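Single-letter residue listing:
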Amino acid sequence: MNIIVCMKRTPDTATKIAVKDGQIDPACLDTWIINPYDEYAIEEALQLRDRAGEGKITLVSIGPPEAQETIRKGLAMGCDEAVHLVDDAFAGLDPLGAAKVLAAAIQKVGDFDLVYTGWKGVDEDHGQTGIYLAEFLGLPHVSMVVKIDDIGDGEARVEREVEGGHELVRTSLPAVFTAQKGENEPRYPTLRGIMGAKKKPFQTWSAADVGLDPAGLQPVQEILSVTLPPQRQAGRIVEGETVEEKARELARLLREEAKVI
Amino acid sequence: MDFSLTEEQRMIRDLARDFAQNEIVPIAAEHDESGEFPAETIRKMGELGLMGIEIPPEYGGGGLDTLCYVLAMEEISKADAAHGTIMSVNNSLFCHALYKYGTEKQKQKYLIPVASGEVVGAYSLTEPMSGSDAGTMRSRAVRDGDEYVINGRKSWVSSGPVAKYILLFTMTAPEKKHHGITAFIVETGRPGFAHGKVEPKLGIRASATCECVYEDYRLPVANRLGEEGEGFKIAMSTLDEGRIGIASQALGIAEAAYEASVAYAKERYAFGQAIADFQAIQWKLADMATRIEASRLLIYNAALTKERAEQSGARYTRESSMAKLYASETAMWVATQAVQIHGGMGYSKELPVERYFRDAKITEIYEGTSEIQRMVIARSVLGGK
Ligand SMILES: Cc1cc2nc3c(=O)[nH]c(=O)nc-3n(C[C@H](O)[C@H](O)[C@H](O)COP(=O)(O)OP(=O)(O)OC[C@H]3O[C@@H](n4cnc5c(N)ncnc54)[C@H](O)[C@@H]3O)c2cc1C
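Just so it is clear, the structure is predicted and the values come from calculations on it, not from any experiment. (Residues numbered from 1 in each chain as written. Chains lettered and ligands numbered in written order. Predicted model: local features only at pLDDT ≥ 70, side-chain atom pairs only at ≥ 80, totals over all residues. Heavy atoms only, no water.)

**A few points about the overall build of chain A**
Helix and strand content of chain A: six helices and 13 strands. In terms of principal-axis extent, the alpha carbons of chain A reach across some 70 × 45 × 40 Å. Taking all 261 residues of chain A together, the buried fraction comes to 41%. The long-range share in chain A, meaning contacts at least 24 apart out of those at least 6 apart in sequence, stands at 69%. For chain A, the accessible surface area stands at approximately 14300 Å², while carbon and sulfur atoms represent 49% of it. Counting 29 positive and 43 negative side-chain charges, chain A places the centres of these two groups 4 Å from one another. (Helix = DSSP H or I, 4+ residues; strand = E, 2+ residues; numbered from the N terminus. Buried < 20%, exposed > 50% of the residue type's maximum accessible area, 1.4 Å probe, protein only. Contact = heavy atoms within 4.5 Å. Areas by Shrake-Rupley, 256 points an atom, 1.4 Å probe, with all protein chains shown as cover. Lys, Arg positive; Asp, Glu negative; His and termini not counted. Charge placed at Lys NZ, Arg CZ, Asp CG, Glu CD.)

**Quick word on the site of the ligand**
Residues and elements named next belong to chain B. Near the ligand lie 18 residues; those nearest to it are Thr126, Ser132, Trp156, Thr369 and Glu371. In this structure, Gly131 approaches the ligand through a main-chain N or O atom, which is 3.5 Å from an oxygen atom. Separating an oxygen atom of the ligand from a side-chain N or O atom of Glu371 is a distance of 2.8 Å. In isolation the ligand has 970 Å² of accessible area, and contact with the protein removes 65% of it. Counting residues per element, the ones that place at least two in the shell around the ligand are strand 1 (121-124), strand 3 (147-158) and helix 10 (370-382). Looking at the shell around the ligand element by element, the count peaks at three residues for strand 3. Each residue belonging to the shell around the ligand can be placed in one class, and the counts come to nine nonpolar, six polar and three charged. Two domains each donate at least three residues to the shell around the ligand, and these are domain 2 (122-228) and domain 3 (232-381). (Near = heavy atom within 4 Å. Polar contact = N/O pair within 3.5 Å; in protein donor to acceptor, adjacent residues only side chain to side chain. Nonpolar A, V, L, I, M, F, W, Y, C, P; charged D, E, K, R; others polar. Domains from an automatic or database assignment.)

**Thoughts on a nonpolar patch on the surface**
A grouping of Ile17(A), Val19(A), Ile24(A) and Leu228(A) is seen on the molecular surface, where their side chains present a nonpolar patch of about 290 Å² in accessible area. Its location among the elements puts Ile24(A) in strand 4 (residues 23-24). (Patch = residues over 30% accessible without salt bridge, like charges linked within 9 Å, V, L, I, M, F, W, Y side chains within 5 Å. Salt bridge = Lys/Arg side-chain N within 4 Å of Asp/Glu carboxyl O.)

**A closer look at the pattern of salt bridges**
Residue and element names in this part refer to chain B. All chains considered together, the criterion is met by 45 salt bridges over all chains. The salt bridge involving Arg296 is made with Glu255; its shortest N-O contact spans 2.4 Å. Of this pair, Arg296 sits in helix 7 (residues 279-312) while Glu255 sits in helix 6 (residues 231-267), and the two are 41 residues apart along the sequence. Here Arg296 matches Glu255 in class, with each residue buried. If you follow the salt bridges from partner to partner, you end up with Asp32, Arg205, Lys349, Glu354 and Arg358 in one network.

**Some thoughts on helix 3 (residues 66-79) of chain B**
Count 3.6 residues to each turn of an α-helix, and residues three or four apart come out pointing the same way. Its 14 residues place the ends of helix 3 of chain B 20 Å apart at the C-alpha level, agreeing with the 20 Å of an ideal helix rising 1.5 Å per residue. Of all the 14 residues making up helix 3 of chain B, 14 are buried; the element is thus mostly covered by neighbouring parts of the structure. (Expected span 1.5 Å × (residues − 1).)

**Notes on the pairing of strand 4 (residues 165-171) of chain B**
Residues and elements named next belong to chain B. Judged by how many residues are buried, strand 4 sits mostly within the fold: seven of seven residues are covered. Because side chains alternate across strand 4, one face comprises the buried residues Tyr165, Leu167, Phe169 and Met171, and the other comprises Ile166, Leu168 and Thr170, equally buried. Note that strand 1 and strand 4 share four bridges and pair parallel. Across the sheet, Ala122 pairs through a bridge with Ile166, a residue of strand 4. (Pairing = 2+ DSSP bridges.)

**So, the domain arrangement of chain B**
Residues and elements named next belong to chain B. Examined at the domain level, chain B breaks down into domain 1 (7-119), domain 2 (122-228) and domain 3 (232-381). The straight-line distance from the C-alpha centre of domain 2 to that of domain 3 is 30 Å. Every contact between the two is made by 14 residues of domain 2 and, on the other side, 14 residues of domain 3. Carbon and sulfur atoms make up 75% of the area that domain 2 and domain 3 hide from each other, which totals about 1100 Å². Looking only at domain 2, the three residues that lose the most surface to domain 3 are Tyr123, Leu202 and Ile204, adding up to 43% of its buried area. (Buried area = accessible area lost by both parts, 1.4 Å probe.)

So, in structure tokens, the structure goes:
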């Protein structure tokens, strides 16, 4: 079972985002993590590989040179190899462009049964890359996968999250899955994993290495401006002599002011 | 001197931080209250490699350097100092001594399971009537053919109630005082060994501490660590390493207390302004930050000096004592200021600040009190022996 996991580094979810001139202020981004949904994909991939008892997991990631450290954390968790896509032309990619680059890299890696990635990045929340990627690779795509029931022999049965429940899907392999938070918590890298990570194959490829012309990667969408969510209003304590009175007042406020009931 | 961290050191710090914040912080108050040993998180720490960080992989450890150990100790202790105590005793007191002084057979049998975190190790020097002055210990080991027969009572054994193996220091030649102490590796499950009273403690309450009683406890000669009479040297050189660990524990406690104080000072209003706007509070925070930074530099310096000293066979007693002395007194001072900044809430069990305050105190006592550290440092200053 050879699995390719597409992962990227994102700002730590605890980051206090600051906005400057209508865009995210890069100065506020100082701690980086593996995108949490990609981390679910890594955990599932590790379990699949270990259950199969053979095969390898290749991480494919687009990012600046500094992203190397985050990618190596994926190796420390137990993935086998990494391909880091670094090029000035990759700096302002939108999801469509990212999918083109990933598809080209995946084709170059070759020989895989499954491509797994997070259903969205927690940085810009597009939720598009995996879908485009499946299209470029000409493969079936299952989104929001929460559990793999059965896999092997060119076929897989997986559960995906749908509003209010789960849907059981059968697909041929190879396929592209995007991960939603499932039952399995991503593991911590062990000290041995961290020590071993630097000895694992790590390749760095440019646009030219994967046969792409930077001209074809121009974004088709543009972020015009970013605004912070409005400040939360202070809470309000409902006054009244008795519990019944307070409940009546609360119900009135919910109906007349908040208009939610 | 270059203290910048390598990628690996950063990754290990991050791992310890993630683990500590996700797995230890949520259970710390509960275990502090009940005094129950946190077996589950300690087991997980073993699986990650945190119970034998510096021991080479062939003996079950992580094979990393002292700075990695320092960084991990700091992060774990920042979440809960009791976990830090258990980790530090296992890493620096048990594993380090066995790795340095053990025979190949002893390492195979006792180091591998403890360094890999499968079982817990302890270190037992102190007795009811002998603490700072180890030369007066009353327990005895008498040679009888291929065995030693041990009798006596040891006190304050951290992890004693759960340890499978204990590094025991006892007298084989009382008339020689320090030079009559010998080290042994004790298997706790055997006849003649019994747990004594469990110590009810002010702080680090989840790190189980008890007395251990030996009554005609028989131990094969093969379980002696080093030669007869080498025990004191082994105990003291092991504490050189241990004190770097305790200094890191103190640093973690100080950081936790400091960070809580900064956050609280910005949030808490009095007289129409955040208390952080009062100069009296600002100066406390500034002093806290400065002493913490100084502690960190002393600890990193001790860690790097140790790395070099291990190559050359030299000791690093002075650096390690200075780091332990300064960091532990910083932890106590910072925790005291943190309680003050929190006012009444600093005295309440609803916040962890009072726990930091209770936990900080131990770092000034065990592995050599502050007075003993000053004695050790003064000896190196004055050039005595
Ligand atoms: C929670 C906890 C865990 C512990 N864990 C362990 C463990 O795992 N293994 C172990 O072996 N021990 C352990 N200890 C014991 C600890 O190391 C001793 O308590 C410590 O070394 C001090 O010894 P003492 O308590 O006998 O104090 P004493 O030696 O009686 O000292 C009493 C006071 O006199 C001062 N004093 C003593 N001699 C001098 C001097 N020459 N000059 C100036 N002042 C002096 C001391 O600094 C102290 O203030 C632990 C203790 C505690 C509280």
